[in-house]
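Observations on the model geometry
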Amino acid sequence: MTPKLICILGAESTGKTTLARQLAVHFDCPWVPEYLRAFCDERGRTPYRDEQALILETQHVHELVAAAKARAAAPHAAGTSGLPFVFCDTAPLTTAIYSDYVFGDGSLYARARALHQRYALTLLCMPDLGWVADGFLRDSADAQLKIHDMMTRELTTLGLPFAQVKGGGNLRLDEAVKALTRSS
């Protein structure tokens, strides 16, 4: 059985990682952490313009590895839904959007858009949790709203299935589970 890749997309400080972890537990399926965080933690800084493609491609590779592992395990341990998922905490599209926003570089869009076709569903986290500073990985509440608008435009233009999820605590998880159930 081929696992369905589920993208969890959202601007900074919208609960993507929390939701990815919650969904992985709920469905007993793997999740792929955001590579950007590991990159920044390792280097103690955000990426430079010429490192953005590396971030995009490494996120993609991590997703491929997780999907292969889930596919190999599927005959033995399907998620509680019977359909194995792999939850991806962000996507290459995020890197393209931030590269455009921060550096004015739109060169990563074509690759990111092509890769986004792989997701069975994108869960777009709404910026309704309140912006929280997180060291050098967070810009501002204003940036959060601008990035959210850019993501919404991209998803709409791509015409791929996506569902907006909002609310704090278990509300966001409940909305995500309902969206996944509807799409399956």
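Presented here is a report on the structure given in the accompanying data block.

1. Regarding the overall build of the protein
Of the regular secondary structure elements, the protein holds seven helices and five strands. Listed by position from the N terminus, the elements making up the protein come as β-α-β-α-α-β-α-α-β-α-β-α. Expected size for 184 residues packed as a compact globule is a radius of gyration near 16 Å; at 16 Å, the protein falls within 12% of this value. Its C-alpha atoms put the protein at 45 × 30 × 30 Å along the principal axes. Burial analysis of the protein (184 residues in total) assigns 47% to the buried set. Across the protein, contacts joining residues at least 24 apart in sequence account for 80% of those joining residues at least 6 apart. By element, 56% of the accessible surface of the protein is carried by carbon and sulfur atoms, the whole surface being about 8600 Å². Computed over 19 positive and 20 negative side-chain charges, the inter-centroid distance for the protein is 5 Å.

2. Some thoughts on the pattern of salt bridges
Pairing between side chains of opposite charge can happen when their charged atoms approach one another. The final tally for this structure, using the stated rule, is nine salt bridges. Of the charged contacts in the structure, one is a salt bridge between D105 and R49, with a shortest N-O distance of 3.5 Å. Linking D105 in the loop between α4 (92-103) and α5 (109-116) with R49 in the loop between α2 (35-43) and α3 (52-73), this pair joins segments that are 56 residues apart in sequence. The class for D105 is buried, based on a relative accessible area of 11%. Where R118 meets E63, a salt bridge forms, and the shortest distance between an N and an O atom there is 2.5 Å. Residue R118 is located in the loop between α5 and β4 (121-125), and its partner E63 is located in helix α3; the two are separated by 55 residues in the primary sequence. Among the residues examined, R118 registers a relative accessible area of 25% and is labelled partly exposed.

3. Points about the nonpolar core
Core analysis: the biggest nonpolar cluster contains 28 residues, and L9, V86, L93, I97, I147 and M151 have the highest contact counts within it. Of all the secondary structure elements, the ones that give two or more residues to this core are β1 (4-9), α3, β3 (85-89), α4, α5 and α6 (141-158). Tallying contributions element by element places α6 first for this core, with five residues. Sequence-distant contacts of L9, defined by excluding residues within four places in its chain, comprise K16, A91, L93, T94, H116, T122, L123, L124, C125, M151 and L155. Ranked by size, the runner-up nonpolar core spans 20 residues in total, among them F27, F87, V165 and L173.

4. Considerations on the pairing of β3
Consecutive residues of a regular strand have side chains that alternate between opposite faces of the sheet. Within β3, five of the five residues are buried, which leaves the element mostly enclosed by the surrounding structure. Of the two faces of β3, the one carrying F85, F87 and D89 and the one carrying V86 and C88 are both buried. Where β1 lies against β3, five bridges are found, and the strand directions are parallel. Within β3, the residue paired with I8 across the bridge is D89.

5. Comments concerning the packing of aromatic side chains
Counting across every chain of the model gives four aromatic pairs. When the ring of F27 is compared with that of F85, the centres are 5.1 Å apart and the planes differ by 75°; the resulting orientation is edge-to-face. Residue F27 is found in helix α1 (residues 16-27), and its partner F85 is found in strand β3; the two are separated by 58 residues along the sequence. With respect to class, F27 is no different from F85; both count as buried. Ring centres of Y35 and F39 lie 6.2 Å apart, and the angle between their planes is 65°; this geometry places the pair in the edge-to-face category. Here Y35 pairs with F39, and both are found in helix α2, just four residues apart, close to one helical turn. Each member of the pair, Y35 together with F39, is buried. Among the aromatic side chains, those forming a connected cluster through ring pairs are F27, F85 and F87. It is R45 that lies over the ring of Y48; its NZ or CZ is 3.8 Å from the centre. Just above the ring of Y119 sits the side chain of R118; from NZ or CZ to the centre is 5.0 Å.

6. Some thoughts on the side chain of S99
Tracing the backbone shows S99 in helix α4. Of the residues examined, S99 reaches a relative accessible area of 0% and is grouped as buried. Excluding residues that lie within four positions of it along the chain, S99 makes contacts with Q52, G104, D105 and L108.

What counts and how
- Residues numbered from 1 in each chain as written.
- Predicted model: local features only at pLDDT ≥ 70, side-chain atom pairs only at ≥ 80, totals over all residues.
- Heavy atoms only, no water.
- Helix = DSSP H or I, 4+ residues; strand = E, 2+ residues; numbered from the N terminus.
- Rg over C-alpha atoms; globule rule 2.2 N^0.38 Å.
- Buried < 20%, exposed > 50% of the residue type's maximum accessible area, 1.4 Å probe, protein only.
- Contact = heavy atoms within 4.5 Å.
- Areas by Shrake-Rupley, 256 points an atom, 1.4 Å probe, with all protein chains shown as cover.
- Lys, Arg positive; Asp, Glu negative; His and termini not counted.
- Charge placed at Lys NZ, Arg CZ, Asp CG, Glu CD.
- Salt bridge = Lys/Arg side-chain N within 4 Å of Asp/Glu carboxyl O.
- Core = buried A, V, L, I, M, F, W, Y, C linked by side-chain atoms within 4.5 Å.
- Pairing = 2+ DSSP bridges.
- Phe/Tyr/Trp six-rings, centres within 6.5 Å; stacked < 30°, edge-to-face > 60°.
- Lys NZ or Arg CZ within 6 Å of the ring centre and 35° of its normal.

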